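# Residue-level structural notes
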Amino acid sequence: DTEVTQTPKHLVMGMTNKKSLKCEQHMGHRAMYWYKQKAKKPPELMFVYSYEKLSINESVPSRFSPECPNSSLLNLHLHALQPEDSALYLCASSQVDMITYNEQFFGPGTRLTVL
Amino acid sequence: EDQVTQSPEALRLQEGESSSLNCSYTVSGLRGLFWYRQDPGKGPEFLFTLYSAGEEKEKERLKATLTKKESFLHITAPKPEDSATYLCAVHPPNDYKLSFGAGTTVTVRA
């Protein structure tokens, strides 16, 4: 099973709202990632969790707050977002940490629209 | 700075018309090169991993090859369902993150 699931599929929120994106994988992967993807652009790395600990933060604004409750789950908490944060948010997981080798499996994404 | 360049940006094919996509990179000591397929509004779907020059991998109508400076994704006798954006990504030796190319958008007409 090489499936990564993400909920919700679509999310519309105002700039004062608080919402969360969820990601789950059952492949036994110990590295999980959040990416942001704008239209016609490749994915941009936001965060990396390795063994449930935050190992990489790509200078992401604090209005994005990641959380890894256990090795299968990854959340992204959103607060006071800006319209330019509208994008496809992708979760991915891999068998080992990014430092060694990297074969990532992506979820279907959450399409976020900030009004 | 390490760079990954994909060409062409867009490719329009007739059904059955075979073609190739190119991914060139400037990374030395590559740890891995990855091909993904992405449909509009969806997450990238993993296709292949290539590690060393000369390596080839196949899946249905797709075949990926790797040389020291580039990779090719060959699409043989494509069908309309092969229409998608194909992304190439490399894992440099001294970096923790993938470098993605901008992608090639393939459209196959029936």
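Structure report, in brief. Keep in mind that what you see is a predicted model, and the values were worked out from it rather than measured. (Residues numbered from 1 in each chain as written. Chains lettered and ligands numbered in written order. Predicted model: local features only at pLDDT ≥ 70, side-chain atom pairs only at ≥ 80, totals over all residues. Heavy atoms only, no water.)

## Observations concerning the sheet that holds strand 7 (residues 64-70) of chain A
All names here are of chain A. Test applied: Should DSSP find at least two bridges between two strands, the strands are regarded as paired. Under the scheme used here, helices are H or I runs from DSSP no shorter than 4 residues and strands are E runs no shorter than 2 residues, and both carry numbers assigned from the N terminus. Lines fitted to C-alpha atoms define the axes here, with helix axes fitted over just the stretch in contact, and angles between the N-to-C directions of these axes take values from 0 to 180 degrees.
Pairing is antiparallel in the open sheet, where four strands are placed in the order 1-3-8-7. Looking at which strands have only one partner, the edges of the open sheet turn out to be strand 1 (4-7) and strand 7. The mean inter-strand angle of the sheet, taken between neighbouring strand axes irrespective of direction, is 20°. Bridge count for strand 7 against strand 8 (residues 73-79) is five bridges, and the pairing is antiparallel. By the bridge assignment for strand 8, Asn70 is matched with Leu73.

## Side note on the layout of surface pockets
All names here are of chain B. Spelled out, the test is: Cavities and pockets are found on a 1 Å grid laid over the protein atoms alone: a cavity is a set of points where a 1.4 Å probe fits but cannot escape, a pocket is an open set with protein on both sides within 12 Å along at least five of seven lines, and a lining residue has an atom within 4 Å of such a point. Grid points are joined across faces, edges and corners, and a volume is the space filled by probe spheres set on the points. By the convention adopted, Pro, Cys, Tyr, Trp, Phe, Met, Ile, Leu, Val and Ala count as nonpolar, Lys, Arg, Asp and Glu as charged, and the other residues, Gly among them, as polar.
If you add up the space inside the largest pocket, you get close to 520 Å³. Of all the secondary-structure elements, those providing two or more residues to the lining of the largest pocket are strand 9 (84-91) and strand 11 (104-109). In terms of residue class, the lining of the largest pocket is made up of seven nonpolar, eight polar and six charged.

## Here's the deal with unusual backbone geometry
Quick reminder of the rule: Buried means the residue's accessible area, taken with a 1.4 Å probe over protein chains only, is under 20% of the maximum for its type, while exposed means over 50%, and partly exposed covers the values in between.
Each neighbour pair has its own omega, and for Thr7(A) with Pro8(A) the value is -10°, a cis peptide bond. Counting through the fold element by element, Pro8(A) comes out in the loop between strand 1 and strand 2 (10-13). Of the consecutive residues Ser7(B) and Pro8(B), the connecting peptide bond is found in the cis state with omega at -10°. For Ala80(A), which is not glycine, the phi torsion reads 55° and is therefore positive. Here Ala80(A) lies in the loop between strand 8 and strand 9 (87-94). The exposure class of Ala80(A) is partly exposed, given its relative accessible area of 30%. With a phi close to 45°, Ala77(B) is a non-glycine residue in the positive phi region. Here Ala77(B) lies in the loop between strand 8 (70-75) and strand 9. Take Ala77(B): its relative accessible area is 35%, and that puts it in the partly exposed class.

So yeah, pure geometry; function would need other evidence.
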